[in-house]
Amino acid sequence: MHFILKRKITLKHIARELEVSISTVSKALKNSEEISRDTKEKVQAFAKLYNYRPNNIAISLKNKRTRNIGVIIPDIVHHFFTTVFRGIEKYANSRGYNVIICVSDESFDKEVINMEMLANGSIDGFIMSLSAETQQKNDFNHLKEVTEQGIPLVLFDRVTDEIECDKVIINDKEIAYQAVKKLIDSGKRKIALVTTDSYFNVSKKRAEGYKAALKDNGITFEENYVLTLPYQEIEKSKIEHFFSENDIDGVLCVNEVFAIHCIGAVQKLGMKIPDEVSIIGFTDGLLSKYSVPSLTTVAQHGERMGEVAAEMLIEKVESEIEDDENETFRTETIKATIIERESTKN
């Protein structure tokens, strides 16, 4: 035995040490009739020796199915997250699962509390997109605790390499590149990026695509052509100042809300869209369709992303493979597309 006594151990550790599955350990600790007396005694003695305590964030273990899926999204304002949820619910319901949704409101603490509440309320697994604060803090211990207890987790859109689990993303860098190339092909050379802080993994990837497209087309990257805005509580005056101070003829915005604010600021300054300034956003929501002019945008296919996330989670939940050591995870990439409207030139 190679455990250090003070080390905090999990079901995964016990299972590995005794060469049994996580499910067997979980059932043995609950005196399940499915487990032999000899195995139960061995597991319980080991757990007692190393002072094992079930983690309060992961009380809902895999030994019985609830047919409930917990979903945590950062906000309900952005159209993208509502479409992902619709996709999750559609697929999950078709497979006989209920979906419980919580909103972290971009807060690390609310994200942790939501996970604790859902786990204690018995769910079979989580689907979630990380809050802004979680990405900013770079603290993923609450996710590690859940995965170490054997609860399946699927991350979508806002993901992290720190956690081994299934993930669903879009081709952020590639589609941002294509959007900027579209602006360049229409004659634009002074192209701005309106983005969030780089701790958002999606914004970082979109910025990489923006810079790569400029470089490949012989356009020098200008630091002052990048406007970084807070994700919430956008200051209109800051956007107006940015456009009045810089000679810009094209804009890529990392979300739909930023793009609509940019349209307003450009029009207020008396510039014509798309003749003088062309604008492309992300998320093909109602704002994009009904803005004046209507917004050319990157469709992220949120509903499809939700369906894929739910399919991956349910596959894990219903998997009969208990050999945790050989568990494999995959990342599915949804191909985004550009929807052309009035804010860009054909």
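Calculation rules
Residue indices begin from 1 for each chain and proceed along its sequence in written order. It should be noted that, the model being predicted, local features are given only for residues of pLDDT at least 70 and side-chain atom pairs only at 80 or more, the latter also being counted only at that level, while totals for whole chains, interfaces and linings use all residues. Water and hydrogen atoms were dropped before computing side-chain values, which therefore reflect all heavy atoms in the structure. Only strands joined by at least two bridges in the DSSP assignment are considered to pair. Secondary structure elements are taken from DSSP: a helix is a run of H or I of four residues or more, a strand is a run of E of two residues or more, and numbering for both begins at the N terminus. Lines fitted to the C-alpha atoms define the axes, with helices restricted to the stretch that makes contact. Angles between their N-to-C directions range from 0 to 180 degrees. Any pair of residues with heavy atoms lying within 4.5 Å of one another is described as a contacting pair. Burial here depends on accessible area, computed with a 1.4 Å probe over protein chains only, as a share of the maximum for the residue type. Under 20% is buried, over 50% is exposed, and the range in between is partly exposed. For the purposes of this description, domain bounds are those given by an automatic or database domain assignment. Each reported salt bridge corresponds to a side-chain nitrogen of Lys or Arg within 4 Å of a carboxyl oxygen of Asp or Glu.

**Here we look at the sheet that holds strand E9 (residues 278-282)**
1) Next: Sheet architecture is open: six strands sit in the order E7-E6-E8-E9-E10-E12, paired in mixed fashion. The open sheet has two edge strands, strand E7 (226-228) and strand E12 (337-339), and neither has a second partner. The mean inter-strand angle of the sheet, taken between neighbouring strand axes irrespective of direction, is 20 degrees.
2) Next: The pairing of strand E8 (residues 250-253) with E9 spans three bridges and is parallel. When the sheet's bridge partners are listed, Leu252 is paired in E9 with Ile280.
3) Next: Sitting on the sheet, helix H8 (residues 172-185) touches strand E6 (191-195), E8, E9, strand E10 (296-299) and E12, and the angle it makes with E9 is about 165 degrees.

**Focus: helix H1 (residues 11-18)**
1) Next: For H1, the tally of buried residues reaches six of eight residues, placing the bulk of the element in the interior.
2) Next: Those residues of H1 that fall on the buried side of the exposure criterion are Leu11, His13, Ile14, Ala15, Glu17 and Leu18.
3) Next: Turning to H1, the residues buried within the fold contact helix H2 (22-29) and helix H3 (37-49).
4) Next: Backbone geometry just downstream of H1 places Glu19 in the positive-phi region, at approximately 55 degrees.

**Some words on the domain arrangement of the protein chain**
1) Next: Domain boundaries in the protein chain define domain 1 (9-39), domain 2 (64-170 + 303-335) and domain 3 (172-300).
2) Next: For domain 1 and domain 2, the distance between their C-alpha centroids amounts to 25 Å.

**What to know about the pattern of salt bridges**
1) Next: Scanning the entire structure with this criterion turns up 20 salt bridges.
2) Next: Put simply, Glu315 and Arg330 hold a salt bridge, and the shortest N to O gap is 3.6 Å. Taken together, the residues Glu315 in helix H13 (residues 302-318) and Arg330 in the loop between H13 and strand E11 (331-334) connect sequence positions 15 residues apart.
3) Next: Residue Glu315 is classed as partly exposed on the basis of its relative accessible area, which comes to 45%.
4) Next: What you see here is one network of salt bridges that share partners, running through Arg86, Lys90, Glu303, Arg304 and Glu307.

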